[in-house]
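Below are the chains, spelled out letter by letter.
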Amino acid sequence: KANNYHLRHLSSIRNCILLGCLLCCGITACEDNNELAQFDIGYEVTFEPLWSESTHPNEFPSSAHFSAFRGMSHNSSVELYAVGNLASSGMRSHAESGISSALDAEINSLITNDSALDRISGTRVDLPNENASDEFGVSEAYSRVSMVARIGPSPDWFVGIENVQLFENGSWVETKTVPVNVYDAGTDSGTTFDALNDATQPYSVITELNSGPLLNNGEIAPMGEFIFVRVK
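Reading the values: the criteria
Residues numbered from 1 in each chain as written. Predicted model: local features only at pLDDT ≥ 70, side-chain atom pairs only at ≥ 80, totals over all residues. Heavy atoms only, no water. Helix = DSSP H or I, 4+ residues; strand = E, 2+ residues; numbered from the N terminus. Phe/Tyr/Trp six-rings, centres within 6.5 Å; stacked < 30°, edge-to-face > 60°. Buried < 20%, exposed > 50% of the residue type's maximum accessible area, 1.4 Å probe, protein only. Polar contact = N/O pair within 3.5 Å; in protein donor to acceptor, adjacent residues only side chain to side chain. Contact = heavy atoms within 4.5 Å. Pairing = 2+ DSSP bridges. Axes fitted to C-alpha atoms, helices over the stretch in contact; angles between N-to-C directions. Salt bridge = Lys/Arg side-chain N within 4 Å of Asp/Glu carboxyl O.

A. Just unusual backbone geometry, in detail. With an omega dihedral of 15 degrees, the bond running from L127 to P128 counts as a cis peptide bond. Take P128: it is sitting in the loop between β5 (125-126) and β6 (132-138). With an omega dihedral of -10 degrees, the bond running from Q201 to P202 counts as a cis peptide bond. Positionally, P202 belongs in the loop between β12 (181-184) and β13 (207-208). At E59, a position not held by glycine, the phi torsion is positive, near 55 degrees. Its identity is not glycine, yet N163 carries a phi of approximately 65 degrees, on the positive side. Tracing the backbone through its elements, the reader meets N163 in strand β8 (residues 157-165).

B. Representation of the packing of aromatic side chains in the model. Counted under the stated rule, the structure contains 14 aromatic pairs. Ring geometry for F47 and F66: centres 5.0 Å apart, planes at 85 degrees, overall edge-to-face. In this pair, F47 sits in strand β1 (residues 41-49) while F66 sits in strand β2 (residues 65-66), placing the two residues 19 residues apart along the sequence. A single burial state applies to F47 and to F66, both of which are buried. Ring geometry for F47 against F226: centres 4.9 Å apart, planes inclined by 35 degrees, an arrangement best described as tilted. With F47 in strand β1 and F226 in strand β14 (residues 224-230), this residue pair connects regions lying 179 residues apart in the sequence. For F47, a relative accessible area of 0% puts it in the buried group.

C. How the structure looks around the side chain of S73. Counting through the fold element by element, S73 comes out in strand β3 (residues 70-74). Classification of S73 as buried rests on a relative accessible area of 0%. A polar contact is formed between the side chain of S73 and the backbone oxygen of G137, at a distance of 2.8 Å. Contacts of S73, omitting those with residues within four sequence positions, involve A116, L117, D118, I120, F136, G137, V138, Y142, R144 and V145.

D. Up close: the sheet that holds β6. What the four strands build is an open sheet, ordered β6-β1-β14-β11; its pairing is antiparallel. Unpaired on one side and paired on the other, β6 and β11 (175-179) mark the two borders of the sheet. Within this sheet the neighbouring strands show an average axis-to-axis angle of 20 degrees, counted without direction. Of the strand pairs in this sheet, β1 and β6 are connected by seven bridges, and their pairing is antiparallel. Directly across from I41, in β6, lies its bridge partner V138.

E. Structural context of the pattern of salt bridges. Scanning the model with the defined rule gives five salt bridges in all. With a closest N to O distance of 2.8 Å, D126 and R124 form a salt bridge. Two residues, E168 and K176, come together in a salt bridge whose shortest N-O distance is 2.5 Å. Judged by its relative accessible area of 32%, E168 falls in the partly exposed class. Taken together, the shared-partner salt bridges connect R70, D104 and R119 into one network.

Interpretation note: all reported values are geometric properties and have no functional meaning in isolation.
Written out as structure tokens, the structure is:
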């Protein structure tokens, strides 16, 4: 009888542990499935690089990569960057080093101030075969999206898209592919991928990159694209 009691007791313990595991898994799954529940609409964005030694043959670096991308969904009152304007301190740090903590803080501040809705974060992309994705929320009041990723290695070069509209003609786009533009942040005067740090004094404004090793036959071939897919 004692043995039967102990067996039944152990069986009950095992069942409780199993139930607890199932509940935990269920809670985690619910949390994962509800990440976008606070938003009107959700999108997945994927960064697809198009940079290779064959497309950009001049001085192609052995460690070619794109930093972890950063972006935000926002309204028309703010910008992540703009040609002709000085880079923010967060954009400067991101463009020069790929370190995104200051840019994250700037985006979070815009969210707190109701100028942006959601911060978008991807992982580093090592060439030639990697890409990176993230999901984010939008609403009719925050239907624009801007994204950046540092070109690595480089002095202060980055790719980006600015003010892309996901709400068109009264409805949300189902899919949208946006080629990136290539920029110089105006904060470092280096002219090669591995140039030593050479801070531009005073800082210049952001410009589209039109010189350096990425240029081939007078132009820079496409370096990547952001692909947006509606998920909610």
